[in-house]
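# Report on the structure
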Amino acid sequence: MSGWQGRSVCVAGLGVSGRAAARVLAERGARVTVVEARDDDALREHAERLRADAGATVRLGDGDTLPEGADLVVTSPGWRPDAPLLSAAAAAGIEIIGEVELAWRLAHDGGADGAADGGAAPWLALTGTNGKTTTVRMLACMLTAAGHRAVAVGNVGTPIVEAVLDKHDVLAVELSSYQLHWSSTVAPYAAAVLNVAPDHIDWHGSFDAYAAAKGRIYAPGTVAIVNADDPVSARLGGPGAKGFTLGTPAPGQLGVVEDLLVDRAFTPDPRREAVELAELRDVRPFAPHNVANALAAAALARAFGVPPEAVREGLRAFTPDPHRIAHVATVDGVDYIDDSKATNPHAAAASLASCRSAVWIAGGLLKGADVDDLVRSCADRLRGVVLLGADRARIAEALARHAPDVPVVDVPDTDTGAMDRVVSAAAGLARPGDTVLLAPAGASFDMFASYGARGEAFAAAVRRLAEGR
């Protein structure tokens with residue numbers, strides 16, 4: 001009998017992960033109630049399907065009330081710990097887990113306590129403030145090149161509660177701080193923290209709490225991999241962790257020697273031997289932070305026994321996702337780059353570091369993050385700045401403090417033509433050889449449906465600029 005048979009489970013959220021969790025639990029005999037604060041036509045359609053196909057109870061327009069008799073809550077990543085329903089569950093002593101923890105338990109023992117099961121596919125997991133999706137996709141390509149049945153899951157692609165029930169040799173798992181916050185028994189075969197910088201402080205309450213959530217990816221027995229160039233990542237991994245660095249690697253690290261990516265961690269004799277994995281030109285798109293992503297993916301792959309040639313083949317097979325330092329066009333000798341995915345200051349700093357002279361397009365929702373360090377670090381690279389979005393005044397204030405001589409254009413508009421005015425202003429500031437860089441350092445939801453929509457608006461405006469020349 002399934003360990004879920006007869007359990008009364010509340011699933012908080014009717015998004016992709018919530019729907020997948022509800023279906024899997026219902027298939028295993030759980031009595032499932034899904035609660036969702038929103039109520040619209042699309043959600044009603046999803047609700048009807050769940051009711052008809054899975055026999056689940058679905059409550060729309062009420063995300064605050066804990067269903068009577070619930071003995072477990074499975075929450076979606078977007079629900080904050082202080083949400084009324086989750087607070088009520090915690091006060092009542094009801095366990096709260098996320099869909100990642102649910103997936104681990106489903107894969108390993110059917111639901112009792114997450115104890116290990118030798119038949120389950122091992123996880124190679126990673127987290128970080130930036131670079132997670134790129135790195136997990138690189139990792140999946142390396143594993144596939146080595147002949148493994150592998151897929152990238154977690155915060156990307158197939159819902160993890162579905163993926164763990166399919167036949168895979170290994171899973172490449174991207175985990176957010178939200179997901180890790182609600183995980184307690186997850187124990188990856190190997191795990192990496194790519195980097196840690198202030199982000200999602202409004203959700204976690206403090207930077208220390210955010211960093212601690214990232215550190216939950218390391219479990220007893222997990223091969224810990226850290227970014228040796230990132231003090232917080234290095235601290236979270238603890239003694240004995242393997243590392244990756246953009247510098248020359250010490251024993252126990254992967255790094256860069258001239259134009260090569262090399263391994264001095266997962267070799268028979270790390271003190272005397274370095275194994276060539278790939279060339280810098282194999283990393284696409286090429287930028288320092290993306291080389292770090294490639295090294296992290298390679299470290300996880302090598303920890304699992306992937307041979308060097310498969311690391312190279314995987315990097316060459318990798319296709320970057322949109323809106324990640326993507327070249328849109330060159331107009332009048334100026335490159336226009338879409339890095340709309342740079343939704344926090346750490347990501348924007350990495351993007352700006354790849355430019356010699358940039359007209360920076362910035363702004364959006366800063367989510368409580370400070371931008372002074374970002375502006376201070378990139379001031380000497382700025383030809384000019386164009387600001388848009390809700391928190392643009394905070395960036396303007398930092399620019400006045402740390403880059404007072406850099407020209408700044410403020411675009412207060414929020415209508416559909418705003419991005420055309422932003423791009424036109426950037427073009428007016430740029431000179432041949434410069435880069436106009438959309439790396440906003442903030443989330444997009446003040447003006448756009450997603451960072452993707454923001455990037456598409458930028459690319460369309462650049463194309464219109466080019467056509468008008």
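Computed from a predicted structure; not experimentally measured.

### Brief notes about the sheet that holds strand β3 (residues 57–60)
- Spatially, 5 strands are ordered β3-β2-β1-β4-β5 in an open sheet, and the strand pairing comes out parallel. Two strands in the sheet have a free side with no partner beyond their single neighbour: β3 and β5 (95–98). Shown here is a sheet whose adjacent strand axes are inclined to one another by a mean of 20°, direction ignored.
- Along the sheet face, helix α3 (residues 84–91) touches β1 (8–12), β2 (31–36), β4 (72–75) and β5 and points at about 150° away from the line of β4.

### A few points about the environment of glutamate 162
- The residue glutamate 162 is located in helix α6 (residues 160–163) in this model.
- What makes glutamate 162 partly exposed here is its relative accessible area of 35%.
- Spatially, the C-alpha atoms of glutamate 162 and valine 24 are 7.6 Å apart, while their sequence positions differ by 138 residues.

### Section: the UniProt feature "domain: Mur ligase central" (unreviewed entry) in the chain
- According to UniProt, the feature "domain: Mur ligase central" (unreviewed entry) maps to residues 127–301 in the numbering used here.
- Taken end to end, residues 127–301 has its terminal C-alpha atoms 15 Å apart, with 33% of it in helix and 21% in strand.

### Some words on the sheet that holds strand β17 (residues 358–362)
- Reading across from one edge, β15-β16-β20-β17-β18-β19 is the order of the 6 strands in this open sheet, with mixed pairing throughout. At either end of the open sheet lies a strand with only one pairing partner, and these are β15 (326–331) and β19 (408–410). Ignoring which end each strand starts from, the neighbouring axes of this sheet average 15° apart.
- With 5 bridges joining them, β15 and strand β16 (residues 334–338) adopt antiparallel strand pairing.

### Structural notes on the nonpolar core
- Ranked by size, the top nonpolar core spans 53 residues in total, and within it Leu25, Val32, Val74, Leu102 and Trp123 carry the most contacts.
- Met142, Val170, Ala190 and Leu280 belong to the second-largest nonpolar core, a separate cluster that totals 44 residues.

### Digging into the side chain of aspartate 372
- In this structure, aspartate 372 sits in helix α14 (residues 372–378).
- A distance of 2.6 Å separates the side chain of aspartate 372 from the side chain of histidine 402, its partner in a polar contact.
- Not counting residues within four places of it along the chain, the set of residues in contact with aspartate 372 comprises Ala398, Arg401 and His402.

### Examining the pairing of β5
- As paired strands, β4 and β5 are joined by 4 bridges and run parallel to one another. Directly across from valine 73, in β5, lies its bridge partner isoleucine 96.
- The handedness of the β4 to β5 crossover, carried by α3, is right-handed.

### Overview of α3
- Among the residues making up α3, those that are buried are Leu85, Leu86 and Ala89. End-on, the buried residues of α3 take up no more than an arc of 95°, which puts them together on one face. The outward face of α3, more than 90 degrees from its buried face, is lined by the exposed residues Ala90 and Ala91.
- Residues of α3 that are buried make contact with β1, β2, β4 and β5.

### Let's talk about unusual backbone geometry
- Here the bond from arginine 284 into proline 285 is cis, since omega is -10°, no more than 30 degrees from zero.
- By the element assignment, proline 285 lies in the loop between β14 (275–279) and α11 (288–303).
- At isoleucine 325, a residue that is not glycine, the phi angle is positive and equals roughly 40°.
- On the secondary structure map, isoleucine 325 appears in the loop between α12 (308–317) and β15.
- One non-glycine residue with positive phi stands out, namely alanine 441, at about 70°.

### A look at the environment of histidine 327
- Looking at the secondary structure, you find histidine 327 in strand β15.
- Histidine 327 gets classed as partly exposed once you look at its relative accessible area, which sits at 47%.
- Expressed as a C-alpha distance, the spacing of histidine 327 and aspartate 338, which sit 11 residues apart in the sequence, is 6.4 Å.
- When near neighbours in sequence (up to four residues on either side) are disregarded, histidine 327 contacts Asp335, Tyr336 and Ile337.
- Polar contacts involving the side chain of histidine 327 include one to the main-chain carbonyl oxygen of alanine 329, which spans 3.5 Å.

### Comments concerning the pattern of salt bridges
- Counted according to the given criterion, the structure contains 30 salt bridges.
- Where glutamate 101 meets arginine 105, a salt bridge forms, and the shortest distance between an N and an O atom there is 2.8 Å. Here glutamate 101 and its partner arginine 105 are both found in helix α4 (residues 99–108), 4 residues apart, which amounts to about one turn of the helix. With respect to class, glutamate 101 is no different from arginine 105; both count as buried.
- One salt bridge in this structure joins arginine 312 and glutamate 276, with 2.8 Å as the shortest N-O distance. Residue arginine 312 is found in helix α12, and its partner glutamate 276 is found in strand β14; the two are separated by 36 residues along the sequence.
- Connected through salt bridges with shared partners, the residues Glu276, Glu279, Arg281, Asp282, Arg312 and Arg316 form a single ionic network.

Cut-offs and rules
- Residues numbered from 1 in each chain as written.
- Predicted model: local features only at pLDDT ≥ 70, side-chain atom pairs only at ≥ 80, totals over all residues.
- Heavy atoms only, no water.
- Pairing = 2+ DSSP bridges.
- Helix = DSSP H or I, 4+ residues; strand = E, 2+ residues; numbered from the N terminus.
- Axes fitted to C-alpha atoms, helices over the stretch in contact; angles between N-to-C directions.
- Contact = heavy atoms within 4.5 Å.
- Buried < 20%, exposed > 50% of the residue type's maximum accessible area, 1.4 Å probe, protein only.
- UniProt positions renumbered as here; feature names shortened; annotations may be inferred.
- Core = buried A, V, L, I, M, F, W, Y, C linked by side-chain atoms within 4.5 Å.
- Polar contact = N/O pair within 3.5 Å; in protein donor to acceptor, adjacent residues only side chain to side chain.
- Right-handed = clockwise from strand over helix to strand, strands pointing away.
- Arc of directions from axis to C-beta.
- Salt bridge = Lys/Arg side-chain N within 4 Å of Asp/Glu carboxyl O.

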